[in-house]
Structure formats: C-alpha cells, structure tokens
Amino acid sequence: MNKKAKTDQIPSRRDFFVKIALASVAVSLPPFMLSSCENKIEYQGSGLSPFKVWEEMLEALKTSPDFLPQRVEDLIVSKDLEAMYNFVKNEITLIPTTTNAISNYDLGNGHKWGLEAVLRCGMATPREKADLLAQMYTKAGISSKVVYENTAITENDVPSFFNRPIDRAFKPDISNSQFKRWEKEMGGSSKEPNQKELIKDYTADANILGDKIIESIPNIDDFGTEFNFKWDNSATPTVEFTHNNKTQYAHLFDPKTPFGEKHNSSNGLISKAKAVKENKEKVSLKITYRDTIDHQIVRDLIQGEWNATELVGKQIQLSFLHGLSLEEQVVTSIGSMRVFTPALALQAIDKDLEYVQERSFIADPITIDGKRIPIVEGKTFGANGDEILAKPQPQLQKEVHRLTVIPSASGYPIVKLSIDARDAADKMIEGLSARDFKITDNGKPISALLENNQRTPKILVLSDGSGSMPAAYAKEGMKKFNASLEQKIKESYPAAIIDFWKTPSSLFTWLLKASQTNYDLILFATDGDNDDELLEKNLKTYNSGPPAIILNVYDDSSTRLESFNKMAEITNGIVLNAKNQDKVLDEIKNYIIKMELPPYVFTYASADKTNPHNVEVTIDNERLKATGSYTVPKLEMEQKNGIAGVYLELKVGNKSPIKRVLAGWDPIAGYYSKPDNTDVASIKELFLGGIMLAVEGEGPTMAVALSDVLKSKLSNREWGEAYLENNIKKASEELSKGSVHIPSILLPMLAPLQDQVTATSITYPTGYRMCILKNMVGLNQPSVFTFDYLPTSFYETIAVNKSERFSITLKKTAQLAVREGSLFQESTYALLEDTNTIDSKSANIEGWIKEVINNDNIDYQYWNEYVLRGKYGYTTIFDKGASSKSFWLLKNGSGELYGILPDGSGGGGDTFEEQLEDFGKVIDILLLGAGLAGLVNPSTAVVGLLGKTLVKLYAIASESIIVMDTRGMDEEIIKTMQKLACNIRLEILKFSFGKIGDAAGTLETIIGLMGGKSPFSC
C-alpha cells in the first residue's frame, strides 16, 4: 500500500462522531479522546469504497490501546522486556480458574479460555499470564520459561492481585484529514446527526434494579457463598528469563514486586512447572424436531460438538439451506419451498476455509412436511427414502409414446403427481430422471421432487395400540405381522416402502392424518374401539387420499363393523377379516398387485390457493404433454401434516443442558394441547431465517469487537466490488460463495460488564458468555428478531463476604437486563419494571398459583413448570398479578441474574413490519431490512461445507429435482445486490440511533434528509 506523510489538527471527540456517522462507515463508536500527532503516516487502502474505507478503518483500529493483539506484536518488536512485563502484569486482568476459590489444585497450570481469548478480552488466569509473557519473550529472542516460585502470599495479600481497575482506552490514532477523506469518498455531509452512544452507562439503572430484587426476597441472607482466598504458594507461576547472561524472574501478581525479582527474594525456591492443564470442556449442540403425526416422538435433525475454547470469539450458524441459485431464487415462490438442508457451520473470521469446514456439520435434507432425504454416495433418494433408479440410457425419453398425470391435493400444500409413461407397445417405461420432465402449475414452472421412478408401492400400516387388541396384533404380535407383511409384499415388489404408525383409539383422526400423506395404500389394524367421530368437513380429504384396507382383527360382525365399513367407504377402500393372518396377507398382496401404481411420483409445495389448478407435464422438449387438475381444500378446517416443533439443546462441559423451543409447539407449556397449524407455519419461518450462537469468554474490547465487524463487512468485497464495476456475472458467482456476518447487536450485548473491576471487587464469568440470535422471517405476518442470553456465563465476584459477593454479582449482571431494555422493543426489564413481584419460594408457600392461576387457565402449565418449579439452584421472581409471564432467574449461590421472556428466551425481541407472502419470491428474503439480513445469507463455512461434502448442493439434484428455466433474471439479481449492499452498509447503525426496529432514528433516514450519497446507494 502507498503511505504518505500528513500534518493535521486533531479533530475533537464530537467532530469524530459527526464524521464517522455521516461517512456511513457502518460502525457507531463510543466516546474517546484522539491522540495527538504532528507527522502522521496515513495508511492507504486499496480497491473501491466503501471497502477501501473499511480497510483503512480496520488498520486504524490497530492503533487503539485496547487493541491488545497489536499491542503485543508492537512490544515484541520493541524487545523492551520491562515494557512487556508491565503490559502483562498491569494491563491484563487476573481471574481465578475456579468458582469460589483462587485455585483448585490448578493455580500453577490451569488455562481457562486460552491465550488467543486473553487478547480479546484482557483477562487471564495466573498460568495464562505467565505463558503469555514467556511467549512474548521467546518471540523477542529472549530465552525464557514458566517455572513455579515458592512464595509467602497470605490471604490478606490476594485481593490486591485481582481488584486492580484497568483503564483500557479506546483511542485509535486518526487524523482530521483522514476523517474528511473518508467523508468525501463515502459521500457524507457535514451536518450533524442527533448521535446516541452505542455503549452507554448502564450501571445506575442496574443498581436500582438490583436493589429492587434484593428487597423483594424475604430470605436474602440465605443466598450467596463465601470465597476462599487461599493461594497455592508452592505453585506460583513465574517467568524465568535470561538477559545479559543473568537469570531473572518476572513475578506477575503482587503489585509491590519489582521487575526482574522473585516475590520472596530471600527464600523463593524455584521448581519445574507442571505442563499446562488445558480446558478440555466440550460444547455440544443438538437440534431436534417433532411432527404432527406423533408429537410425542423427538427426532434428531442435526448435531455437532466442538472444543469450548475453540469457539471463543466465533459463531455457529444453524442454517436451513434451500439450495437455490440466485437465478432460481428469482423465479421460485416462497410457498413452494419444501426441501431444506440443516447445517451447523462454524464462523471464524480469522480462520481459513479448511479450518471451519473441519468444525462444521451438515445433515440429510428434510422436507417441511417432515420427510428425510438420505444422502448416500453413488445413490439417489426421494423424499421417503425411496431409491431413484439410475437412467438406463440417455435417450430413454424418446421411447415414451403416451403420458398421463393424476394430481392429488389431499395433503395440501403438498401436491402429489402420479405420472405414467408408456411406449408404443403400451409397456410401462421406468427409470426416467426428474430432468426429463417439465411441470407447470397454472402456467407457472415449479420445482418438484421425484419420490420414485419405478413401480414401487408405498404402504402405511396403522396399528391400534389400545389394550383391547388381540395378542396377534399387539406389541410383539404386531411386530411379527409387520415382518410377515413386508416379506410377502417384497416377493413381488422388492423395492416396496412399508412404514408403520402406532395409533391410539382415535380412529378417524389417525385415518385423516394418513389420508394426507403420499402413500399408495393404508392398512389399519383395529378392533373398532373408537374415542372420536367422523367429521363431515374432512370427507373430501379422506376421499382424495390413498385407499384404506381396514383389518377387522376379531372378524367382528357387531356394530363395530359399521365403523369399519364407514372407514373403508370414505377412503375408497375395503374391509378384510384379519383373524386368520395367513389368509389376510395373501388378500393384501393380491389387492396390491391389482392396484394401478404409477412408475413416477412427483411432489411439490403449492402456494397458490386459487381454484382450480391445471397441471401440465411435458417430456422430450414438449414432444408429449399430459394434463390434469386439482382443487385446493379448505385448509382452515384441517390440521396439516408437517414438522410441529424445532428444539435446541446446548450442553457445555458437565453442566446441565440448556433447552430452547426454537419454533412451534412447546412440549412443556403445551403439555395438555396438541400442535396446530400455527405451529406448523412457524417452522418455515424459522427455516427461512435461522439462528446464530455467538460465544465469548468475557466480552472483547471495543477495538477488537469493531475490527470483527469491519472484517465481516470486508468479506463481501469480492462480489461488492464486482457489482460496483457492473460485472454482474462475477458478482453473482462471488455472492454465491457466501460471506462472514457479525451482527452488530453483538457489540453492545456482549460488551464487558461496566465497572467490572473496582478497588474492592472483581466480577468475572467462570463459564462462557453465549447468546442466540434468531430470525423468524414473517410469512403473511411481521418478522421477528430475538436475542437470547444463555445462562452459561456463571458470573462470580471476588469480595470479602458472601452477602457482598451476592449483591455485587446481582447488580453487575443486572446490566445485561438493562441493555436489553435499552435496545429492544420487548424485554423482561420493560415488562416487569412497574410490577409488584414475588419470589417462587414465597409463592409456593402462599399457594399463589391456586389463587391466581386456576387449573383451567391455558397458561397453567407454563406457570407451574417454568416459573414455580423452575430451574434447580435458581429462584424465580415474577409479577404477583400475572399480568406478564416474564420473570427474573436468579442463581442462588452467586446472584447472577437473567431476564426470561414468555417464550423462554433470556434476552429481548423486536418485531419488524417487513414480511413476506407465500407467493412472493425466494429472492425477497435477501431484500429484508438490515436488522434481519445477517442470518438469512449463507456463510462462507456453509457454502464451503456444501461444496466439500455434497459436491454441488444436493447429490439428488441431477436425478430427482426438476430445475426451472432461469434465463433473463439479471435485472432482478442486480436489484437484489443493490439492496443487499445497502443492508451491509447500514446494518450496524440500525440500532445506534434508536431501538432496533425504530426506523425514525436510523442513520439511513439522517443521510437521506441531508442528501448524503454512497457507493452503495439505498
């Protein structure tokens, strides 16, 4: 890069804010005093703005005193041993390795988050301090090692080692001329916006909240634990180094010990240090789901495991990939999206692609209606796990002489197409691939999934699980019958698919569920005992679904036979006496042989609710055509089949797992209810959005956090500059590779606690600070963004007695709740601010729930399980009048505080008016506002993982998914890139001038009013 000397007057702090905002540099910064400089060498970036300006800003941040990685590098280059010593001793905060004591036999060798994390947050254990200094000395060419020093440290000495406030100034060295140049290049104005600070002082409000909670707990003296200040004098980690042929020592803890000397200069025996005791905790993340068929069964969706320390300063994205190119997104309606691939992708901004791929995970695709698609190398499968035959010859479609199609919408919005292809001799042709067919629905091309391409019966067996069933059709007897049935059918159809559902005695309810599937035949073994009734509104669904054979297990000819006949009649099926199993198996086989089974079955999701629907199927460049029609049922009268709930389980080390309902039915609060269509609809909103898990030790310094944000913006450089140069082809290719995204909300929400270290105390996390950001992309309703603090930090305070420890931890962690209230439209802080609260112990003693929440209340289970029973080792504090379901979660031993919203998340939420519609295009997801944009774009890790694992998107794409014509879509893609670029530029500032979702105070509005421009105009 080119450098040039500049002499400038240093701008004021106020001037800095004005210019940094108006330059649209996508970072809103807290107050600081700029350093003085007469002859500044100004770094010159490369390429086009805004990327050139962001590159220069990134370089400027390295000059800030709180950018600790650069401080270390500069000190190593200087070879100033005492300066390095003073930096580690006086500018890195000391923290213990354990919870309630200075050490637990690992003071001398225990690591907590690792040396990389030390330079993110400026906190270190005794051994991490020593290892950091020894590493710096070694890199500077000084012979050094960590040893154990025998010290005489007393318990009264110890607090002064920890309670040492450090002033880490955010003070990058930036000249006034550089600000002006940035402003000019970014098209800013000289007018001043109404700036609100990004990180404001939360301590006063947090102290008020802490006092209020303490006053509300009658038995407050029972809370808290004592701290053990005993120091392990036999294992004090010290750096031994050789300088000028003299062995010296760097004692890093007692402020009174000078450089080069041992703590106990007269009797400080030195011994060999033990090997580092690495933190080997694991973080496991498991995503599961339930469906409407049997919502009591939990099924695995995807899971991954990582070393906990490897996640510090990184993020894990849970994405549900739709697998569409930019061009395909332009022509594909959101309502027709059906197949998603779950991925857990590590996002590590300073690591290469191979690193993140090795620590990322991908699972088999799943349809929105809950069908898994196995990915097996060398084979292709449809949505039911049916193997797709390889095409026997390239020109097989030329042999097709006659084509027919029969559409069915019994499982709407899933539409099933049964297609028959015959040759000139009227012989069935099997083995065609999805790409041999083109399908339109009401004239619009659709992307359909080929479920099978051979004459393969798919059979669903329902077995009544009630206690009145005969032994031959109960438990082990039913398993034997199912095995015999499968053997019998596969004698004629080796590739047959046979699935089994165990049902209660709600015969018509379960027959309705089966009628909404894409099976060819239903078998229902039942004794006829029934606890529900046939509803006339569902007759059309029964009638348009697969036929049902009702197995009369007792050969009963009583009044139950009337129910059997009705079940067969409404499904166009038959009743068979089934007491003689050998006989009935032959009858079932003969029935199947006589069925007209199509060789090709396609399914797709339809978004258009107008009637009727005309389907057209063509083959061989439209040489042959087949047509059919279907009518959309009145869905408001029926329960859809599909995924009913998606759930997260996070486990850190040996701690109890943390569970969250990400979308859909809550199995605890909704224990006495069943999933409904609202639950099913919310799953797609989650799949279109996704979540991000962000992890830190303690929060990073401001300069480090801002550099992460700028690096994430610069990860868009390849496609962004191509777009600015009007090279749309290259821009499209580069955009499809993904990018890194650091949501700006992480800056204030994961920032370190304020007044964290005082002259009398230090409050620090003994675990990991973790949070979940979740996007629910609204379909026909507003979109929702939520921030969720996870109870993984386990903050503790070092103070002289347990009541002080408890009180300080409570008030310090109350800052997190105040941040939520400051930045989000909905928060526990706001919901409980003016309420009269009661704690869970008092409420249980007083019988509160019987007085306020009766058994018939729809929220009874929520209050009883989540609030009153709560979490072991915690106290809940909530609104005594139950006007809000939010509550405070208070850790009994430490005083750590979390605010819990009614949805179970520990944070805040915002609702955006921006929403999508079923008939809108997939590309519209990318056009959502900046507050939502970050989580819907695939990361580099996700894209790279797909490329490495599946070669090209899905292994099934070439044989089982119809690809639509996407020619002529450049104009729409250009519009998308323009909006996406705008979002990338403005996203961080969406909350800097007001709460998220409040557009009136955003920088976007300010720039518009002042006539400011930008290379990425919005």
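Because the structure is predicted, anything quoted here is derived from the model rather than measured.

For the rest of this paragraph, the subject is the overall build of the protein chain. For the protein chain, the helix and strand inventory stands at 31 helices and 40 strands. Counting over 1018 residues, the protein chain shows a buried share of 60%. Restricting the contact set of the protein chain to residue pairs at least 6 apart, pairs at least 24 apart contribute 77%. Summing over all exposed atoms, the protein chain offers an accessible surface of approximately 41000 Å²; the carbon and sulfur share of this is 48%.

Mapping Arg 805 onto the fold places it in helix 22 (residues 802-823). The buried category is assigned to Arg 805, whose relative accessible area is 2%. Among the polar contacts listed, one links the side chain of Arg 805 to the backbone oxygen of Glu 226, at a separation of 3.3 Å. Not counting chain neighbours up to four residues away, the residues in contact with Arg 805 comprise Thr 99, Asn 100, Thr 225, Glu 226, Phe 227, Glu 796, Thr 797, Ala 799 and Ser 894.

Moving on: the sheet that holds strand 9 (residues 282-291). The four strands are arranged 10-9-28-29 in an open sheet whose pairing can be described as antiparallel. If you trace the sheet from one side to the other, it starts and ends with strand 10 (299-307) and strand 29 (658-664), each paired once. Strand-to-strand twist of the sheet, defined as the mean angle between neighbouring strand axes without regard to direction, takes the value 15°. As paired elements, strand 28 (residues 643-652) and strand 29 share six bridges and run antiparallel to each other. Within strand 29, the residue paired with Val 646 across the bridge is Ala 663. Each of strand 28 and strand 29 is contacted by helix 17 (residues 677-689), which is oriented at about 55° to strand 28, the strand it contacts most.

The strand order 15-16-25-19 describes an open sheet built from four strands, whose pairing is antiparallel. In this open sheet, the two edge strands, each paired with only one partner strand, are strand 15 (402-411) and strand 19 (449-452). Taking each pair of neighbouring strands and ignoring which way they run, the sheet shows an average axis angle of 25°. Bridge analysis of strand 16 (residues 414-422) against strand 25 (residues 600-605) gives six bridges, and the strand direction is antiparallel. In the sheet register, Leu 417 faces strand 25, and the bridge partner there is Phe 602.

On to helix 15 (residues 560-570), then. Listed in full, the buried residues belonging to helix 15 are Phe 564, Met 567, Ala 568 and Ile 570. Buried positions along helix 15 lie against helix 13 (507-515), strand 22 (521-526), helix 14 (539-544), strand 23 (548-552) and strand 24 (574-577). Remark: Asn 572 follows helix 15 within two positions and exhibits a positive phi of approximately 60°.

A complete count under the given rule lists 23 aromatic pairs for this structure. Between Tyr 137 and Phe 241, the ring centres sit 5.1 Å apart and the planes meet at 65°, which makes this aromatic pair edge-to-face. Of this pair, Tyr 137 sits in helix 6 (residues 126-139) while Phe 241 is found in strand 6 (residues 236-243), placing the two residues 104 residues apart along the sequence. Both residues of the pair, Tyr 137 and Phe 241, count as buried. Within the aromatic cluster, the residues linked to one another by ring pairs are Trp 848, Tyr 862, Trp 863, Tyr 866 and Phe 878. The residue whose ring lies beneath Lys 713 is Trp 54, and the NZ or CZ to ring-centre distance is 5.8 Å. We note Lys 885 situated over the ring of Tyr 862; from NZ or CZ to the ring centre the distance is 4.8 Å.

It is worth spelling out the environment of Lys 651 at this point. With respect to the helices and strands, Lys 651 occurs in strand 28. Residue classification places Lys 651 among the partly exposed residues on the basis of a relative accessible area of 29%. It is 9.3 Å that separates the C-alpha atoms of Lys 651 and Thr 792, two residues lying 141 residues apart in sequence.

Moving on, we come to the packing of helix 4 (residues 81-91) against helix 6. Two elements in contact, helix 4 and helix 6, have axes whose closest approach is 10 Å; the angle formed by their N-to-C orientations is 155°. Judged by the inter-axis angle, helix 4 sits roughly antiparallel to helix 6. The two elements helix 4 and helix 6 meet at a crossing, and its hand is right-handed. In this structure, helix 4 uses Leu 81, Met 84, Tyr 85, Phe 87, Val 88 and Lys 89 to contact helix 6, whose residues at the interface are Lys 129, Leu 132, Leu 133, Met 136 and Tyr 137. When its residues are assigned to classes, the contact of helix 4 with helix 6 shows nine nonpolar, no polar and two charged.

Here the focus is unusual backbone geometry. With an omega of 15°, the peptide bond between Tyr 412 and Pro 413 qualifies as cis. Topologically, Pro 413 is positioned in the loop between strand 15 and strand 16. Even without being glycine, Lys 79 reaches a positive phi, approximately 60°. With respect to the helices and strands, the residue Lys 79 is situated in the loop between helix 3 (68-78) and helix 4.

Before going further, it helps to examine the pairing of strand 5 (residues 144-149). Burial within strand 5 is extensive, with five of its six residues counted as buried. Alignment of strand 5 against strand 6, held across six bridges, turns out to be antiparallel. By the bridge assignment for strand 6, Tyr 148 is matched with Pro 237. Bridge count for strand 5 against strand 8 (residues 270-272) is three bridges, and the pairing is antiparallel. Bridging from a neighbouring strand, Val 147 pairs with Lys 272 of strand 8.

Right, let's talk about a negative patch on the surface for a bit. Together, Asp 201, Asp 205, Asp 755, Glu 833 and Asp 834 make up a region of like negative charge exposed at the surface. Inspection of the secondary structure puts Asp 755 in the loop between helix 21 (746-749) and strand 31 (762-765).

Mapped onto the fold, Ser 234 is located in the loop between helix 9 (203-216) and strand 6. A residue is classified by how much of its surface remains accessible, and Ser 234, at 46% relative accessible area, is partly exposed. Each C-alpha atom, one on Ser 234 and one on Asn 150, is 4.8 Å from the other, the two residues being 84 residues apart in sequence. Not counting residues up to four positions away in its chain, the partners in contact with Ser 234 are Tyr 148, Glu 149, Asn 150 and Ser 271. Of the polar contacts made by the side chain of Ser 234, one reaches the side chain of Asp 232; its length is 2.7 Å.

What follows deals with the confidence of the model for the protein chain. Taken as a whole, the protein chain shows an average pLDDT of 82; of its residues, 81% reach a score of 70 or greater. Confidence drops under a pLDDT of 50 for residues 1-38, and excluding neighbours within four residues, the segment shows 122 contacts in the predicted structure. Counted against residues more than four places away or in other chains, residues 189-198, with its pLDDT under 50, gives 31 contacts.

Take the packing of helix 2 (residues 51-61) against helix 18 (residues 702-714) next. Where helix 2 meets helix 18, the axes come as close as 10 Å, and the angle between the chain directions of the two elements is 155°. It follows from the interaxial angle that helix 2 and helix 18 lie roughly antiparallel. Note that helix 2 runs across helix 18; the crossing there is left-handed. Note on element contacts: helix 18 touches helix 2 through Ala 703, Leu 706, Ser 707, Leu 710, Lys 711, Lys 713 and Leu 714, opposite Phe 51, Trp 54, Glu 55, Met 57, Leu 58 and Leu 61. Taken together, the residues of the contact of helix 2 with helix 18 sort by class into nine nonpolar, one polar and three charged.

This brings us to the pairing of strand 28. Among the 10 residues that make up strand 28, eight are buried, leaving the element largely enclosed by the rest of the structure. In the sheet, strand 9 pairs with strand 28 via nine bridges, with the strands oriented antiparallel. Residue pairing in the sheet places Thr 288 in a bridge with Tyr 647 of strand 28. Two successive antiparallel strands, strand 28 and strand 29, enclose a turn made up of five residues, where Gly 653 displays a positive phi of approximately 55°.

All chains considered together, the criterion is met by 41 salt bridges. In this structure, Glu 116 and Lys 314 form a salt bridge, with 3.9 Å as the shortest nitrogen-oxygen distance. With a gap of 198 residues between them, Glu 116 in helix 5 (residues 115-121) and Lys 314 in strand 11 (residues 314-321) connect regions that are remote in the sequence. Exposure remark for Lys 314: the relative accessible area of 6% places this residue in the buried category. Among the ionic pairs, Asp 859 bridges to Lys 885, the shortest N-O distance being 3.2 Å. Placement of Asp 859 in the loop between helix 25 (848-852) and helix 26 (860-869) and of Lys 885 in the loop between strand 37 (874-879) and strand 38 (887-891) is noted, with a sequence separation of 26 residues between them.

Definitions and cut-offs
Along every chain, residues carry numbers that run from 1 in the direction the sequence is written. The predicted origin of the model limits local features to residues at a pLDDT of at least 70 and limits the giving and counting of side-chain atom pairs to 80 or more, whereas totals for whole chains, interfaces and linings rest on all residues. The basis for every side-chain value is the complete set of heavy atoms in the structure, and neither hydrogens nor water enter the calculation. Put simply, DSSP H or I for four residues or longer makes a helix, DSSP E for two residues or longer makes a strand, and each gets a number counted from the N terminus. Relative accessibility decides the category of a residue: with a 1.4 Å probe and only protein chains considered, values under 20% of the type maximum give buried, values over 50% give exposed, and everything between is partly exposed. Two residues form a contact once any of their heavy atoms are found within 4.5 Å. Exposure was quantified through the Shrake-Rupley algorithm and a 1.4 Å probe, taking into account, for residues, occlusion by the shown protein chains and nothing else. Polar contacts here mean pairs of N or O atoms no more than 3.5 Å apart (in protein, one a potential hydrogen donor and the other a potential acceptor; neighbouring residues in sequence count only if both atoms are side-chain atoms). Strands are treated as partners if at least two bridges between them are detected by DSSP. Here the axes come from fitting lines to C-alpha atoms, over the contacting stretch only for helices, and the angles between their N-to-C directions go from 0 to 180 degrees. Stacked, tilted and edge-to-face pairs are distinguished by plane angle, under 30 degrees for stacked and over 60 for edge-to-face with tilted covering the rest, among Phe, Tyr and Trp rings (Trp via its six-membered ring) whose centres lie within 6.5 Å. Counted as over-ring charges are cases with an Arg CZ or a Lys NZ within 6 Å of the ring centre that also lie within 35 degrees of the ring normal. Geometric relationships in this document are graded by angle, where less than 35 degrees denotes roughly parallel, more than 145 denotes roughly antiparallel, 65 to 115 denotes roughly perpendicular, and other angles denote oblique. Handedness of each helix crossing follows the sense of rotation of the near helix against the far helix: counterclockwise by less than a right angle gives left-handed, clockwise gives right-handed. Just so you know the grouping, Ala, Val, Leu, Ile, Met, Phe, Trp, Tyr, Cys and Pro go in nonpolar, Asp, Glu, Lys and Arg go in charged, and all remaining residues, Gly too, go in polar. Surface patches are defined over residues having more than 30% relative accessible area and no salt bridge, joining like charges when they lie within 9 Å and nonpolar side chains (Val, Leu, Ile, Met, Phe, Trp, Tyr) when within 5 Å. Each reported salt bridge corresponds to a side-chain nitrogen of Lys or Arg within 4 Å of a carboxyl oxygen of Asp or Glu. Positive charge is attributed to Lys and Arg, negative charge to Asp and Glu, and no charge count is given to His or to the chain ends. The atoms used to mark charge sites are NZ of Lys, CZ of Arg, CG of Asp and CD of Glu. Values of pLDDT, which run from 0 to 100, indicate the predictor's confidence residue by residue.

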